[in-house]
Amino acid sequence: MMLRLHSSLRKRKECEQMKIMSFGHALPKRTVTNADFTRFLDTSDEWIQTHTGIESRRVITGKETLSGLGAKAAKMALERAGLKASDIDYILCSTTRGEMSFPATSCLIQEKIGATCPCLDVNAGCSGFIYALDVADGLLATGRIKRVMVVCAEQVSRFTDWTDRSTCVLFGDAAGAAICEAGDGLKAVRVTAKGDAKPLHGWPSGGNCPFDDHIPTEQPLYMNGQEIFKFAVTHSCHDIETVMAECGLTAEAVDYFVLHQANRRILDVARTRLKQPAEKFPVNITTHGNTSSACIPVLLSEMVEDGRLQKGQMLVLSAFGAGLTTGAAALQY
Amino acid sequence: MSTFETIAKLIAETKDMDIATIKPEMTFADMGLDSLDVAELVMNMEDELGVTIEISPALKTVADVAALVDEQKK
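Novice: When you look at the sheet that holds strand β12 (residues 314-321) of chain A in this model, what are you seeing that I'm missing?
Specialist: Residue and element names in this part refer to chain A. Ordered in space as β8-β13-β12-β11, the 4 strands form an open sheet in which the pairing is mixed. Strands at the two margins of the open sheet, each flanked by one partner only, are β8 (186-193) and β11 (256-259). For this sheet, the mean angle separating the axes of adjacent strands, direction not counted, is 10°. Pairing geometry for β12 and strand β13 (residues 325-332), over 8 bridges, is antiparallel. Opposite F320, over in β13, you have T326 as the bridge partner.

Novice: I tried to follow the packing of helix α7 (residues 225-246) of chain A against helix α8 (residues 264-274) of chain A on my own but got confused; where do I start?
Specialist: When two helices pack together, you describe them by how their axes are tilted relative to each other and by the distance separating the axes. Residue and element names in this part refer to chain A. Orientation of α7 relative to α8, taken along the N-to-C sense of each, is 40°, at an axis distance of 10 Å. One finds that α7 runs oblique with respect to α8. Viewed along their axes, α7 and α8 form a crossing whose handedness is right-handed. When α7 is examined against α8, the residues F229, A232, V233, S236, C237 and I240 are found in contact with a partner set consisting of I266, V269, A270, R273 and L274. Broken down by class, the residue content of the contact of α7 with α8 amounts to 9 nonpolar, 1 polar and 1 charged.

Novice: In this structure, what is going on with the interface of chain A and chain B? I would like to understand it.
Specialist: The figure often quoted for interface size is the accessible area lost as the parts come together. With 8 residues of chain A in contact, the opposing surface of chain B contributes 8 residues. Listing elements by their share of the side of chain A that touches chain B, those giving two or more residues are α7 and α8 of chain A. With 5 residues, α7 of chain A is the largest single contributor of residues to the side of chain A that touches chain B. Across the side of chain A that touches chain B, the residue classes break down as 3 nonpolar, 3 polar and 2 charged.

Novice: So what exactly am I meant to see when it comes to the nonpolar core here?
Specialist: Side chains of nonpolar character tend, in soluble globular proteins, to be buried together. Residues and elements named next belong to chain A. A77, A136, V150, V151 and A177 are the most contacted members of the largest nonpolar core, which totals 110 residues. Among residues more than four places away in sequence, those in contact with A177 are F23, G24, A73, A74, M76, A77, M149, V150, V151 and P297. Within the second largest apolar cluster, 8 residues are counted, among which are I48, V156, V169 and F171.

Novice: I would appreciate a short explanation of the sheet that holds strand β7 (residues 173-182) of chain A in the present structure.
Specialist: Pairing between the strands of a sheet is mediated by backbone hydrogen bonds and can be parallel or antiparallel. Residues and elements named next belong to chain A. Ordered by their spatial adjacency, 5 strands build an open sheet running β1-β7-β6-β4-β5, and the pairing between neighbours is mixed. The open sheet has two edge strands with one neighbour each: β1 (18-26) and β5 (119-122). Pairwise comparison of adjacent strand axes, ignoring direction, gives a mean angle of 20° for this sheet. Helix-sheet contacts for helix α4 (residues 66-81) involve β1, β4 (90-94), β6 (147-155) and β7, and the interaxial angle to β1 is about 130°. Across the face of the sheet, helix α6 (residues 128-141) comes into contact with β1, β4, β5, β6 and β7 while running at roughly 160° to β6.

Novice: Hey, could you run me through the packing of helix α1 (residues 3-15) of chain B against helix α3 (residues 62-73) of chain B in this one?
Specialist: All names here are of chain B. Where α1 meets α3, the axes come as close as 9 Å, and the angle between the chain directions of the two elements is 125°. What the angle tells us is that α1 and α3 run oblique. Here α1 runs over α3; the crossing is right-handed. Contacts from T3, F4, I7 and A8 in α1 reach V62, V65, A66, V69 and D70 in α3. Of the residues contributing to the contact of α1 with α3, the split by class is 7 nonpolar, 1 polar and 1 charged.

How each quantity is defined
- Residues numbered from 1 in each chain as written.
- Chains lettered and ligands numbered in written order.
- Predicted model: local features only at pLDDT ≥ 70, side-chain atom pairs only at ≥ 80, totals over all residues.
- Pairing = 2+ DSSP bridges.
- Helix = DSSP H or I, 4+ residues; strand = E, 2+ residues; numbered from the N terminus.
- Axes fitted to C-alpha atoms, helices over the stretch in contact; angles between N-to-C directions.
- Parallel < 35°, antiparallel > 145°, perpendicular 65-115°, else oblique.
- Left-handed = near helix turned anticlockwise from the far one by under 90°.
- Contact = placed C-beta atoms within 7 Å.
- Nonpolar A, V, L, I, M, F, W, Y, C, P; charged D, E, K, R; others polar.
- Core = buried A, V, L, I, M, F, W, Y, C linked by C-beta atoms within 7 Å.
- Buried ≥ 20, exposed ≤ 12 C-beta atoms within 10 Å, placed from the backbone.

As structure tokens, then:
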């Protein structure tokens with residue numbers, strides 16, 4: 001505690017910008033293929049692949065937990081950065097729906113990795129990673145802390161409607177992590193929200209208060225695909241152009257555009273509109289589906305693993321999700 | 001170029017179809033277009049024609065969309 005009070009005296013100019021030191025990720029063991037859906041839904045592997053680009057996704061089962069997955073991703077990020085859990089000053093967990101109603105999933109992850117720092121959950125739907133980076137940037141700018149662990153932990157399988165063939169095939173479970181500290185990495189960030197629950201939402205159970213005659217029952221994920229498609233393509237392209245303009249970046253100078261993996265076709269339309277080659281738009285939707293806010297950090301971590309992402313490369317990230325929210329960032333890894 | 005012809009051209013370009021096969025009374029389903037194809041098409045139409053089109057279940061045929069666009073242009 002004393003150390004934190006002491007460090008709060010650091011001048012803001014010393015830590016105006018943020019960089020990402022490392023990424024980590026974790027996936028559940030169970031793979032659900034498109035063929036698995038044909039056992040209980042009127043659908044086919046061919047239809048799902050053609051319409052979404054998804055071949056399989058991972059789903060949390062058995063003794064696996066969301067916080068366990070988050071902790072595994074966090075440990076990978078720590079190991080890659082050469083850090084210990086005690087080196088982390090803050091844990092931010094982006095999750096659309098946490099493992100428990102309370103406590104926060106970030107607290108559950110903290111316990112599992114053996115950290116002792118403050119913890120906070122962020123819910124910005126699938127835009128959560130960019131929002132969490134924005135919050136981390138603000139925390140680091142205060143000068144009170146040195147490192148923030150961002151963990152995006154998503155278990156969409158817990159609240160999708162497994163009888164709705166138009167949505168349940170789209171999602172997967174995963175966790176991605178990023179360790180942030182002061183440094184010259186984040187060039188620009190833009191987050192937006194347009195309060196509109198209609199096109200994409202879910203309801204938790206309303207409890208059993210005997211004095212309330214309007215208690216909502218739990219309702220699984222609902223999504224109006226056409227509206228989200230339009231929103232996604234329009235706003236992602238605009239956000240990307242805005243963050244690039246903010247830091248004087250041309251599309252040619254960007255090594256990778258890492259976009260939220262909602263649907264292969266959304267990615268293709270965005271790529272066509274941005275007039276950049278397919279190699280600059282990495283994907284993992286084929287094998288992971290849409291893993292909500294975990295999509296981007298999981299993909300970046302996998303790119304580190306296979307050597308595609310190297311230190312010094314320029315990235316533009318973009319996501320959209322329930323809220324409706326969007327987020328985009330330009331950063332040098 | 002009539003609104004129908006403009007829309008037919010956009011459909012042909014977007015979905016790699018022969019423009020001669022596109023008729024006003026054809027439904028999007030007849031042309032093998034799914035809901036996201038329609039959304040993509042609507043976005044291209046908005047860009048090309050400078051209108052705002054709200055996607056609704058009532059928009060089933062090319063003629064339905066052409067009528068909506070003409071109504072907005074008045």
